[in-house]
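As a plain string of letters, each chain reads:
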Amino acid sequence: QVQLVESGGGLVQAGGSLRLSCAASGRTFNSNAMGWFRQAPGKEREFVAAINWSGGSTYYADAVKGRFTISRDNAKNTVYLQMNSLKFEDTAVYYCAADGEYRLLPRFTYEYDYWGQGTQVTVSS
């Protein structure tokens with residue numbers, strides 16, 4: 001059974017930093033892209049960042065570009081999201097996702113086959 005488990009969420013003041021982790025089990029994703037999405041109350045789930053299988057290519061939503069960094073450690077089957085200069089509007093549940101196919105940098109929810117349960121990030125203003 002494939003599982004993606006996020007950790008690292010919490011409450012942080014505006015301007016602060018958090019590092020999210022997503023550990024995969026049940027299969028390896030060393031040949032697959034992985035990504036992060038987020039969903040704020042009353043809003044649709046939105047793309048945050050994606051990383052290709054090797055970690056050599058990344059893509060970010062404009063809202064987080066320059067503040068967030070996605071990375072991965074294939075030896076640990078884990079993907080990370082370093083979030084700096086956090087803003088109130090970054091408050092959301094953050095979800096890790098893995099592509100079961102071999103897309104380069106998927107950006108849409110339908111392109112991902114596996115999802116974590118989410119971790120809450122709350123930024124106080």
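Before reading on, note that the structure itself is shown above.
Residues numbered from 1 in each chain as written. Predicted model: local features only at pLDDT ≥ 70, side-chain atom pairs only at ≥ 80, totals over all residues. Heavy atoms only, no water.

Chemist: Mind showing me how you'd approach the overall build of the protein here?
Modeler: Scanning the protein from terminus to terminus reveals zero helices and 11 strands. Here the C-alpha radius of gyration of the protein, 13 Å, is about what a compact globule of 125 residues would show, namely 14 Å. Across the protein, contacts joining residues at least 24 apart in sequence account for 59% of those joining residues at least 6 apart. (Helix = DSSP H or I, 4+ residues; strand = E, 2+ residues; numbered from the N terminus. Rg over C-alpha atoms; globule rule 2.2 N^0.38 Å. Contact = heavy atoms within 4.5 Å.)

Chemist: Even after reading the chapter, I still don't get unusual backbone geometry, so can you show me in this structure?
Modeler: Glycine aside, the phi torsion of most residues is negative, and most peptide linkages are trans. Positioned with a positive phi, Asn 77 is a non-glycine residue whose angle comes to about 55°. Take Asn 77: it is sitting in the loop between strand E7 (68-73) and strand E8 (78-83). The buried category is assigned to Asn 77, whose relative accessible area is 11%. The backbone phi angle of Ser 85 is positive, close to 50°, even though this residue is not glycine. Residue placement: Ser 85 occurs in the loop between E8 and strand E9 (92-98). Given a relative accessible area of 41%, Ser 85 falls into the partly exposed group. (Buried < 20%, exposed > 50% of the residue type's maximum accessible area, 1.4 Å probe, protein only.)

Chemist: Mind showing me how you'd approach the sheet that holds E8 here?
Modeler: Through backbone hydrogen bonds, the strands of a sheet pair up, either in parallel or in antiparallel fashion. Taken together, the four strands give an open sheet; going across it, the order is E1-E3-E8-E7, and neighbouring strands pair in antiparallel fashion. The open sheet terminates on both sides in strands that have one partner only, identified here as strand E1 (3-7) and E7. Ignoring strand direction, the axes of neighbouring strands in this sheet form an average angle of 15°. In the sheet, E7 pairs with E8 via six bridges, with the strands oriented antiparallel. For Asp 73, the partnering residue across the bridge sits in E8 and is Thr 78. (Pairing = 2+ DSSP bridges. Axes fitted to C-alpha atoms, helices over the stretch in contact; angles between N-to-C directions.)

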